[in-house]
Amino acid sequence: MSSPLHLDAIQLAYDTPRGPHTVVDGFSLALDAGEIGCLFGPSGCGKTTVLRAIAGFEPVRAGTVRLGDVLLSSAQKHLPPEQRHVGMMFQEYALFPHLSAAKNVAFGLRRLDRTAQQSRVAEMLALVGLDDAGERYPHELSGGQQQRVALARALAPSPALLLLDEPFSNLDGGTRERLAAEVRGILKQAGQTAILVTHNEAEAHAMADRIGVMHGGRITHWLDAAA
Amino acid sequence: MTINGRHEGLRAASPAWRCASFLIAVGVLAPVLTLAWLAFGSGLGHWGPLFAHVLPQAALNTAMLLAGVGVLVLVIGTGCAWLVTAHDFPGRGVLHWALLLPLAMPTYIVAFAYLDLLHPIGPVQGAIRWVLGFDSPRQFRLPDLRSIPGAIFVLGFVLYPYVYMTARAMFMTQPAHLMEAARTLGESRRGAFFRVALPLARPALAVGLSLALLETLNDIGASEFLGVNTLTVAVYTTWITRSDLAGAAQIACAMLFVVVALVWLERNGRQHQRFGSAQRMRAVQPRRLHGGAAWAVSAAAALPVLIGFVAPALYLVRESFKRLHQGGGISQGLVASLGNTLALASGVTAATVAAGLVVAWASRSQGAGLANRARWQARAATLGYAVPGTVLAIGLLTPALAFDSALATAFGWQGLPLMGAGIVLVVACAIRFLAMPVGGIEAGLARIPPAIEQASRLLGETTGGTLRRVHLPLLRPAIATGALLVFVDAMKELPATLLLRPANFDTLATWLYAEAARGTYEEGAIAALAIVLAGLLPVLLLARNQLGAPSVAPGLDQTP
């Protein structure tokens, strides 16, 4: 169910007491279905803001965001986040602390009946290698395990697009690269369109098909990720 | 001497401190133990008539009142906290602290004001009839306020700030990304609130709810004015009108079971409160509302402030003004009761702060090995806040009377020296309010590094001298805050004062109570206004300290 993504000349800004402050201007990007893109750049280059705009947490001041045939955002239109079929993995995982791992994964599956929910949760937990951790609560899981639960939760509703915001930044170096390769395997197996945001070059190369290097709110050039 | 031993020697309190702290803890527990002895000591046969006639109706009334007030404070408190935390609308900057204002209104004053405001021939019902085109109360009137729903309405709109406070603190520290995660998983804003924000706030809500319900249980004035015979009212009438101390003690004992349940609810909530705030994250940013929705939210959030504070306060101001204008000034009796109130509040403040200092100092100064016993004392000493004033008073009566008669025989004094001088009343209030200075001073002590005390001791000061020359000056803000809170609460105190005051001794609160009970409404509004004005001080302090200014962070966060 993955879809291609088109960002066409979008402008993003936030309000300050001295008027709007433009963070990203004339930003364009196209991603084929099943492709994994990466936005790579230093702090403050606007890459997380682009991700949040695709998710629907920030308004677009100009330009358009399209997912498949659906117009997600433009200056006139803003589809609320819950109607976009866009999944997101947050930098801090954002697992719900009051729910077990299995309940976290089932959170976005309300439209399914109970048995369908259970089998989908089991399938997702197996996919990320946590078959027997479903009953545990987030604080009982290690950082790497929390990260896998967050991935399973984001993938469970079969989003048309998956966003990953610095997904490995809370892990140490060794675990980070091993997991990055593993997550890439999982996404490719699911044929998932995805965008990764990172400031770590090794992580970018381990995960992405295409790497857009960002500077001053634009992609300045593309790196070959085949290395 | 080992390093460890010397270190512990430095921090250990002298036996005198520990002994004093122990005695205070025992003193706080004494009334409760006395109650149990009174209630069960006379044999269970005594309980029969009570079970048959008094308890069932009073217990049912109390249960309905607690349930109704509980639902109302949860809905208002949580609802307003969420409106103010997650939305931006006209008036938000004022409302976020103004929603605390009803805390300045004792329940009996609001009941007093609304009895007159909502009287069938009073201003509100008159206005409604005028709008609807009726001209007599016989054609149209609102349901009588003097009923259980009426009492729930009055208490709920005054006590919701307890829930508002804890809920708002919780919502402000909940990380925004949890709500965002729920949105990317297909939940609407509403759904995310009910499935994520609300369950995470549950422990905080339990704390606020239990405090509001303890106040409901403590209330005597509002229930009495509104004709609801609760357990608290039953304790009062059983002792005052029927002079049946054992019976009053038995009802008080029944109330203690409710208290224990509520304290358990509160402690349980506090233990789980660290839930959402484990990580330091960007907090939920308020969403700006526009047009009709914005004004609707403004109105909804302003309503509890209007009902719980503005309307009764304006009523009191108007009535006081009228009285002063026509009635030729203030009567001698009211001036005397103002003096009594200030004297009582001063005495209670001095006693409570001194006791609080002893308990906090002793529990801190004991080394790690002795920590358990000291902490137990500190916890026991601060349990009084949960015991309703009437229950405390009944529990204190027996030991106080025994003490008094012993003193009278020993020194050949007339009458009841302790009761007559109001000392028993001061002790009762000190027990009830001890938690405030202990909490504040303990927090203040925790911020003073041990090295400071060690330096003072190495320069030749004793423990007591260090406390006097080093800690007391550093603790001055904590002590001042604690003293202010105790002073104002002692001014407002009604249930224990009613039971324990010396003969012919009126405070502003009992003056108001007597007028409302007689239905005379002469100078009650002036007394009430004085209490509310004093009550505003700690609320303003609280608004400044706890909520602070809402931090306005930029709307977009940058990749770190």
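What you see is a predicted model, and the numbers here were worked out from it, not measured in a lab. (Residues numbered from 1 in each chain as written. Chains lettered and ligands numbered in written order. Predicted model: local features only at pLDDT ≥ 70, side-chain atom pairs only at ≥ 80, totals over all residues.)

Caption draft 1: Region of interest: the overall build of chain A. Along the backbone of chain A there are 6 helices and 10 strands. Taken against the 2.2 N^0.38 rule, which gives 17 Å for 227 residues, the C-alpha radius of gyration of chain A at 17 Å falls within 12% of a compact globule. If you line up chain A on its principal axes, its C-alpha atoms span 50 × 40 × 35 Å. Sorting the 227 residues of chain A into buried and exposed places 48% on the buried side. In chain A, the proportion of contacts linking residues at least 24 apart, taken out of those at least 6 apart, comes to 67%. (Helix = DSSP H or I, 4+ residues; strand = E, 2+ residues; numbered from the N terminus. Rg over C-alpha atoms; globule rule 2.2 N^0.38 Å. Buried ≥ 20, exposed ≤ 12 C-beta atoms within 10 Å, placed from the backbone. Contact = placed C-beta atoms within 7 Å.)

Caption draft 2: Representation of the sheet that holds strand β2 (residues 19-31) of chain A within the structure. Residues and elements named next belong to chain A. On the basis of which strands lie adjacent, the open sheet formed by 4 strands has the order β2-β1-β4-β5 and antiparallel pairing. Whereas interior strands pair on both sides, the edge strands pair on one side only; in this sheet they are β2 and β5 (70-73). Neighbour-to-neighbour, the strand axes of the sheet open up by a mean angle of 35°, direction not taken into account. (Pairing = 2+ DSSP bridges. Axes fitted to C-alpha atoms, helices over the stretch in contact; angles between N-to-C directions.)

Caption draft 3: Main features of the packing of helix α8 (residues 176-184) of chain B against helix α9 (residues 189-218) of chain B. Residues and elements named next belong to chain B. One can describe the packing of α8 onto α9 by two numbers: an axis separation of 10 Å at closest approach and a directional angle of 135°. One finds that α8 runs oblique with respect to α9. Crossing of α8 against α9: the hand is right-handed. Residue-level contacts link Leu178, Met179, Ala182 and Arg183 of α8 to Ala192, Arg195, Val196 and Ala197 of α9. Across the contact of α8 with α9, the residue classes tally to 6 nonpolar, no polar and 2 charged. (Parallel < 35°, antiparallel > 145°, perpendicular 65-115°, else oblique. Left-handed = near helix turned anticlockwise from the far one by under 90°. Nonpolar A, V, L, I, M, F, W, Y, C, P; charged D, E, K, R; others polar.)

Caption draft 4: Spotlight on the nonpolar core. One finds B:Val154 and B:Ala428 to be the most contacted residues of the largest nonpolar core, which totals 238 residues. Top contributing element to this core by residue count: helix α7 (residues 148-173) of chain B, with 16 residues. (Core = buried A, V, L, I, M, F, W, Y, C linked by C-beta atoms within 7 Å.)

Caption draft 5: Main features of the environment of B:Ala234. Within the element layout of this structure, B:Ala234 appears in helix α11 (residues 231-240). Residues B:Ala234 and B:Gly79, 155 residues apart in the sequence, show an inter-C-alpha distance of 34 Å.

Caption draft 6: Geometry of helix α13 (residues 291-326) of chain B. Of all bends in α13(B), the biggest is about 55°, found at B:Leu306. Every buried residue of α13(B) is listed here: B:Val297, B:Ala301, B:Pro304, B:Val305, B:Ile307, B:Gly308, B:Phe309, B:Pro312, B:Ala313, B:Tyr315, B:Leu316 and B:Glu319. (Bend = angle between axes of the 7 residues up to and from the residue.)

Caption draft 7: Layout of the confidence of the model for chain B. All names here are of chain B. Mean pLDDT over chain B works out to 84, with 89% of the residues at or above the 70 mark. Low confidence marks residues 1-10, where pLDDT is under 50. Its contacts with residues over four positions away, or in another chain, come to 4 contacts. Throughout residues 548-560 the model reports pLDDT below 50, and contacts reaching past four residues in sequence, or to other chains, amount to 25 contacts. (pLDDT = per-residue confidence, 0-100.)

Caption draft 8: Main features of the pairing of strand β8 (residues 194-198) of chain A. Residue and element names in this part refer to chain A. In terms of burial, β8 is largely enclosed, as 5 of its 5 residues are buried. Alternating residues of β8 divide into Ala194, Leu196 and Thr198 and Ile195 and Val197, and every residue in both groups is buried. Across 5 bridges, strand β3 (residues 36-40) lies against β8 in parallel orientation. Bridge assignment links isoleucine 36 to a residue of β8, and that residue is alanine 194.

Caption draft 9: Representation of the sheet that holds strand β10 (residues 218-224) of chain A within the structure. All names here are of chain A. Strand order across the open sheet formed by 6 strands is β6-β7-β8-β3-β9-β10, with mixed pairing between neighbours. Strands with a single pairing partner mark the edges of an open sheet, and in this sheet they are β6 (86-89) and β10. The sheet shows a mean angle of 20° between the axes of neighbouring strands, direction not considered.

Caption draft 10: Geometry of unusual backbone geometry. Residue and element names in this part refer to chain A. For histidine 85, which is not a glycine, the phi torsion comes out positive at approximately 55°. Locating histidine 85 in the fold gives a position in the loop between β5 and β6. Taking the number of C-beta atoms within 10 Å as the measure of exposure, histidine 85 has 20 and is therefore buried. One non-glycine residue, glutamate 166, lies in positive phi territory at about 40°. Positionally, glutamate 166 belongs in the loop between β7 (161-165) and α5 (173-190).

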